[in-house]
Amino acid sequence: MKINATVSHRFFCIGFTARFPVFNHLSTTLEGLWTIRALGSEDRFLHSFDNLQDKHTAACYTYIATNRWFALILDIFCMLFVAMLAILSVVVAENPVTG
């Protein structure tokens, strides 16, 4: 459980730090939009934004996939535990232990 918390926290931090360049690039682009259009640099800024967005999306997807994987493993362990308890309760009910 602690391992997942550490890994999940690391992936969350990666996604969080990947978010700042996207917002920074977007705000600076909007502030200098007239200059960018005057110089004809739309394609360069669009390509740069796409690269930053791809990095952010990859980090977020990794975080979500890790959380879903852990939830699936946890559900499987819980299901096995409940099945084991059900089988043991049936076995004990059929063969009571007398002291």
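Just above, that's the structure.
Residues numbered from 1 in each chain as written. Predicted model: local features only at pLDDT ≥ 70, side-chain atom pairs only at ≥ 80, totals over all residues. Heavy atoms only, no water.

**Details of the overall build of the protein chain**
No. 1: Across its full length, the protein chain holds three helices and zero strands.
No. 2: Moving toward the C terminus, one meets the helices and strands of the protein chain in the order α-α-α.
No. 3: Here the protein chain holds 99 residues, and 13% of them are scored as buried.
No. 4: A sequence separation of at least 24 residues applies to 78% of the contacts in the protein chain between residues at least 6 apart. (Helix = DSSP H or I, 4+ residues; strand = E, 2+ residues; numbered from the N terminus. Buried < 20%, exposed > 50% of the residue type's maximum accessible area, 1.4 Å probe, protein only. Contact = heavy atoms within 4.5 Å.)

**Some points on helix α3 (residues 42-94)**
No. 1: Here α3 contains 53 residues, and its C-alpha end-to-end distance of 77 Å stays within 8% of the 78 Å for a straight helix at 1.5 Å per residue.
No. 2: Along α3, the residues classified as buried are Leu52, His56, Ala59 and Thr66. (Expected span 1.5 Å × (residues − 1).)

**Comments concerning a nonpolar patch on the surface**
No. 1: On the surface, a nonpolar cluster with roughly 520 Å² of combined accessible area is contributed by Leu72, Ile76, Phe77, Met79 and Leu80.
No. 2: Inspection of the secondary structure assignment puts Leu72 in helix α3.
No. 3: The class of Leu72 is partly exposed, set by a relative accessible area of 49%. (Patch = residues over 30% accessible without salt bridge, like charges linked within 9 Å, V, L, I, M, F, W, Y side chains within 5 Å. Areas by Shrake-Rupley, 256 points an atom, 1.4 Å probe, with all protein chains shown as cover. Salt bridge = Lys/Arg side-chain N within 4 Å of Asp/Glu carboxyl O.)

**Some remarks on the environment of Thr29**
No. 1: When you line up the elements, Thr29 lands in helix α1 (residues 2-31).
No. 2: When the C-alpha atoms of Thr29 and Phe45 are compared, they prove to be 7.6 Å apart, with 16 residues separating the residues in sequence.

**Examining the side chain of Thr29**
No. 1: Judged by its relative accessible area of 14%, Thr29 is buried.
No. 2: Of the polar contacts made by the side chain of Thr29, one reaches the backbone oxygen of His25; its length is 2.6 Å.
No. 3: Among all residues touching Thr29, those that are not within four sequence positions of it are Ile36 and Phe45. (Polar contact = N/O pair within 3.5 Å; in protein donor to acceptor, adjacent residues only side chain to side chain.)

**Side note on the environment of Asp54**
No. 1: With respect to the helices and strands, the residue Asp54 is situated in helix α3.
No. 2: On the basis of relative accessible area, Asp54 is assigned to the exposed category, the value being 51%.
No. 3: Sequence separation of Asp54 and Val22 is 32 residues, and the distance between their C-alpha atoms is 9.7 Å.

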